Amino acid sequence: MYRFLMTRQWVILTLIALLLIPTMIRLGIWQMHRYEMRTARNDLVSHALHADPVPVERVTTAGHAVTRGEKYRTVTATGTFDTADEVVVRRRTNSDDEVGFHVLTPFVLDDGKVLLVNRGWIPANGIQTAYPKVPAPPEGHVTIKGRLMADETTAASGIKDLKGLPDRQIMLINSEDQARRLGKVVLGGYIQQTGPEPKGGSPEQISNPGSEDAPLNYAYMIQWWLFAAAVPVGWWFLVRREVRDRAEAAAKENAPEAEPAAV
């Protein structure tokens, strides 16, 4: 009855089914790992954003590499902005995906160390080879607040650190590079300024990092595993249908021919 399973067509179909099952299981496991990673990232970011602000020098020092657990931590700093050494970061977008610049301004702390402050986004408003018109920061001795960020690298961001850029323009925010440029002690990482609130003409502050859609990965995980369970069920359904069709065909072939009616 099941001899047809040895035919070329059914051998190929069975092999495909046997390959699909572990493949779909592995895809489900991959989605499970993605779900766990995204959930952990969301928890980490949420904890950092809701933690009480601390002075920046409690979290980072000169040459310090900001860790994953320190990223997005709200910090405060007191000092003065140094606009003479201000630079802009090229090819950055705002929340509407408009291309412009981020404004990176050194902030000189009371002890003389420098904190790099990303004050926000400004539009290009012209050719990007020209230095844009940058709104001035608050003057004098001020206290600012922001989210601590790790140094940008090509490996982590995918942004190429191009050479030969126009004066006072950079591609990546990196405290070691800026320490060499400024010739000063620069704290590791930088901050995205969130306070004080921007006034008219100020750079557009960078929005909070959004949460990643971890439940979507969970749904995909369940979906792949349901597909894996459906493969053998579907295979068995096809086998049973083939058996039934063959049995019906055999019954018709073996049925006695009806005798002609008497005249």
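Residues numbered from 1 in each chain as written. Predicted model: local features only at pLDDT ≥ 70, side-chain atom pairs only at ≥ 80, totals over all residues. Heavy atoms only, no water.

A few points about the environment of Asn94
- Following the sequence through the fold, Asn94 ends up in the loop between strand 3 (87-93) and strand 4 (99-109).
- Asn94 sits in the buried class, given a relative accessible area of 8%.
- Distance from Asn94 to Met32, taken between C-alpha atoms, is 32 Å for residues 62 residues apart in sequence.
- Filtering out sequence-adjacent residues up to four positions away, Asn94 remains in contact with Trp121 and Glu204.
- Here the side chain of Asn94 touches Asp96 through a polar contact of 3.0 Å, landing on its backbone nitrogen. (Helix = DSSP H or I, 4+ residues; strand = E, 2+ residues; numbered from the N terminus. Buried < 20%, exposed > 50% of the residue type's maximum accessible area, 1.4 Å probe, protein only. Contact = heavy atoms within 4.5 Å. Polar contact = N/O pair within 3.5 Å; in protein donor to acceptor, adjacent residues only side chain to side chain.)

Focus on the layout of surface pockets
- Size it by volume and the largest pocket reaches roughly 620 Å³.
- As for the largest pocket, its lining consists of 28 residues, of which Tyr72, Met149, Tyr190, Gln192 and Ile206 are closest to the centre.
- Residue assignment for the lining of the largest pocket shows that the elements contributing at least two residues are strand 3, strand 5 (114-123), strand 6 (142-149), helix 2 (154-157) and strand 8 (190-195).
- Split into classes, the residues belonging to the lining of the largest pocket amount to nine nonpolar, 12 polar and seven charged. (1 Å grid on protein atoms, 1.4 Å probe; cavity = no way out; pocket = protein on both sides within 12 Å on 5 of 7 lines; lining within 4 Å. Points joined across faces, edges and corners; volume = space filled by probe spheres on them. Nonpolar A, V, L, I, M, F, W, Y, C, P; charged D, E, K, R; others polar.)

Things to note about the packing of aromatic side chains
- Under the counting rule described, the total for this entry stands at five aromatic pairs.
- Between Phe4 and Trp10, the aromatic rings sit 5.3 Å apart at their centres with planes inclined by 70°, giving edge-to-face as the arrangement.
- Over the aromatic face of Phe81 sits the side chain of Arg119, whose NZ or CZ is 6.0 Å from the ring centroid.
- In this structure, Arg168 is placed above the aromatic ring of Tyr131, and the distance from its NZ or CZ to the ring centre is 4.3 Å. (Phe/Tyr/Trp six-rings, centres within 6.5 Å; stacked < 30°, edge-to-face > 60°. Lys NZ or Arg CZ within 6 Å of the ring centre and 35° of its normal.)

Regarding the pattern of salt bridges
- Summed over all chains, the structure comprises seven salt bridges.
- Between Glu86 and Arg119 there is a salt bridge; the shortest N-O distance is 2.8 Å. Linking Glu86 in the loop between strand 2 (74-81) and strand 3 with Arg119 in strand 5, this pair joins segments that are 33 residues apart in sequence.
- Judged by its relative accessible area of 5%, Glu86 falls in the buried class.
- Overall, Arg119 belongs to the buried group, its relative accessible area being 5%.
- One connected set of salt bridges, linked through shared partners, spans Glu57, Asp111 and Lys113. (Salt bridge = Lys/Arg side-chain N within 4 Å of Asp/Glu carboxyl O.)

Details of the nonpolar core
- Ranked by size, the top nonpolar core spans 16 residues in total, and within it Phe107, Leu115 and Ile144 carry the most contacts.
- Contributing elements (two or more residues each) for this core: strand 2, strand 4, strand 5 and strand 6.
- Ranked by size, the runner-up nonpolar core spans 14 residues in total, among them Ala48, Tyr72, Val87 and Tyr190. (Core = buried A, V, L, I, M, F, W, Y, C linked by side-chain atoms within 4.5 Å.)

Some words on the packing of helix 1 (residues 8-50) against helix 4 (residues 214-254)
- Contact geometry for helix 1 and helix 4: axes closest at 6 Å, N-to-C directions at 165°. Viewed along their axes, helix 1 and helix 4 adopt a mutual orientation that is roughly antiparallel. Where helix 1 crosses over helix 4, the handedness of that crossing is left-handed.
- Considered class by class, the residues forming the contact of helix 1 with helix 4 number 25 nonpolar, six polar and three charged. (Axes fitted to C-alpha atoms, helices over the stretch in contact; angles between N-to-C directions. Parallel < 35°, antiparallel > 145°, perpendicular 65-115°, else oblique. Left-handed = near helix turned anticlockwise from the far one by under 90°.)

A closer look at the pairing of strand 5
- Burial within strand 5 is extensive, with nine of its 10 residues counted as buried.
- Pairing between strand 4 and strand 5: nine bridges, direction antiparallel. Bridge pairing in strand 5 places Phe101 opposite Ile122.
- Examined bridge by bridge, strand 5 and strand 8 share two bridges and lie parallel to one another. Counted as the bridge partner of Asn118 is Gln192 from strand 8. (Pairing = 2+ DSSP bridges.)

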